[in-house]
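# Descriptive analysis of the structure
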Amino acid sequence: MIISQYFVFFIFFSFLGWTWETIYCTYKGKHFSNRGFLFGPICPIYGCIVIAGMAIFRHADAAQLDLPIWGIFIICAVGSAFAEYVTSYYLERRFHARWWDYSKMPLNLDGRICLPASLGFGVAGTVMVHFILPLLGTVQVTLPSLVYEGAALVLMGGFGADFALTEASLSTLLQKIEAMDKEFTERAEAAYVAISSKPQQVEMKINSVQEEMHERAAALANDLNPRQISKVASIRTFKPRASEHFEFKAGEHLRDALEEIKNREGLSRK
């Protein structure tokens, strides 16, 4: 029963997190932004954080908490920072991409977390503990267990299918991007070694390689389905392949190619 309840709440708050991020990023970017790395409308990190809060403060009542409000704030801020850092690290290692990047924010750590965001999550977590969790406690005892168990089975099936589909699709796409990075970086390095004594020829060769990479990225962009396009657009930065002299970003070329396609389609409608 408790596992079913937690899973239902996990999906619910993952959906709320996706809704918040999508509205915020859509408003900020002036165009629709489907946030999260899954195809479905959920951001699991939000659900995980809320479930962790429920597990920690499950039996707590806002009026009977032993912890002072600043203690709850610190726990929520530190907990959210830990979750953000670990999730960002895993996604970058797994997909060679970042879905958020705080590099331009003050007091950031590796661009994965930053103090302003952690403070904001600390405030949100404090509000959650004092107002939302007591309300959830009331809902938990109101609804029968069969409702939770049935909803959990349905949501689990949908979440599992979404995760598997996203994993397979993104892995295939990002493997192609990584292969492009590797191929063109190795070609540029070989050209540099061969003609390094002639700077003008090196520049011409590298420009030629860049142009060819953009053409390959444009061809790949034309083969993407709408879901893959949406996920590429949600990625903040792609991790370039390490090189001694050059840094080719196939992912950025792909994003540029998608933007060119979008602009052409916009002009064709006028």
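Above: the structure in question.
This structure is a prediction, so every number in the text was calculated from the model and none was measured. (Residues numbered from 1 in each chain as written. Predicted model: local features only at pLDDT ≥ 70, side-chain atom pairs only at ≥ 80, totals over all residues. Heavy atoms only, no water.)

In this section: the overall build of the protein. Scanning the protein from terminus to terminus reveals 8 helices and 4 strands. Listing every helix and strand of the protein by position from the N terminus yields α-α-α-β-β-β-α-α-α-α-β-α. Within the protein, counting contacts between residues at least 6 apart in sequence, those at least 24 apart form 74% of the total. Summed over its atoms, the accessible surface of the protein is roughly 15500 Å², and 65% of this surface lies on carbon and sulfur atoms. (Helix = DSSP H or I, 4+ residues; strand = E, 2+ residues; numbered from the N terminus. Contact = heavy atoms within 4.5 Å. Areas by Shrake-Rupley, 256 points an atom, 1.4 Å probe, with all protein chains shown as cover.)

What follows deals with the pattern of salt bridges. By the definition in use, this model includes 6 salt bridges. Between Arg-112 and Glu-92 there is a salt bridge; the shortest N-O distance is 3.1 Å. Of this pair, Arg-112 sits in the loop between β2 (108–109) and β3 (113–114) while Glu-92 is found in helix α3 (residues 69–95), placing the two residues 20 residues apart along the sequence. Residue Arg-112 is classed as buried on the basis of its relative accessible area, which comes to 8%. The closest approach of N and O atoms between Arg-94 and Glu-167, which form a salt bridge, is 2.2 Å. Here Glu-167 lies in helix α5 (residues 145–195) and Arg-94 lies in helix α3, a separation of 73 residues in the sequence. Through salt bridges with shared partners, a single ionic network connects Glu-92, Arg-98, Asp-101 and Arg-112. (Salt bridge = Lys/Arg side-chain N within 4 Å of Asp/Glu carboxyl O. Buried < 20%, exposed > 50% of the residue type's maximum accessible area, 1.4 Å probe, protein only.)

Here the second largest pocket defines a volume of roughly 630 Å³. Lining the second largest pocket we find 26 residues, and of these Tyr-46, Ile-49, Val-50, Phe-121 and Gly-125 sit closest to its centre. Taken together, the elements giving at least two residues each to the lining of the second largest pocket come down to α1 (2–29), α2 (44–57), α3 and α4 (115–142). Its residues assigned to classes, the lining of the second largest pocket comprises 21 nonpolar, 5 polar and no charged. (1 Å grid on protein atoms, 1.4 Å probe; cavity = no way out; pocket = protein on both sides within 12 Å on 5 of 7 lines; lining within 4 Å. Points joined across faces, edges and corners; volume = space filled by probe spheres on them. Nonpolar A, V, L, I, M, F, W, Y, C, P; charged D, E, K, R; others polar.)

Moving on, we get to unusual backbone geometry. Across residues other than glycine, the phi torsion is negative in most instances, and most of the peptide bonds are trans. If you check the backbone angles, Leu-107 has positive phi at about 55° while not being a glycine. Relative to the helices and strands, Leu-107 is located in the loop between β1 (97–98) and β2. A relative accessible area of 64% places Leu-107 in the exposed class. For Asp-110, which is not glycine, the phi torsion reads 60° and is therefore positive. The exposure class assigned to Asp-110 is partly exposed, which follows from its relative accessible area of 43%.

Before going further, it helps to examine the side chain of Ser-118. Among the structural elements, Ser-118 can be located in helix α4. Every residue in contact with Ser-118, bar those within four places of it in the chain, is listed here: Ala-77, Ser-80 and Ala-81.

Everything listed here is a matter of coordinates, which is why it stays silent on function.
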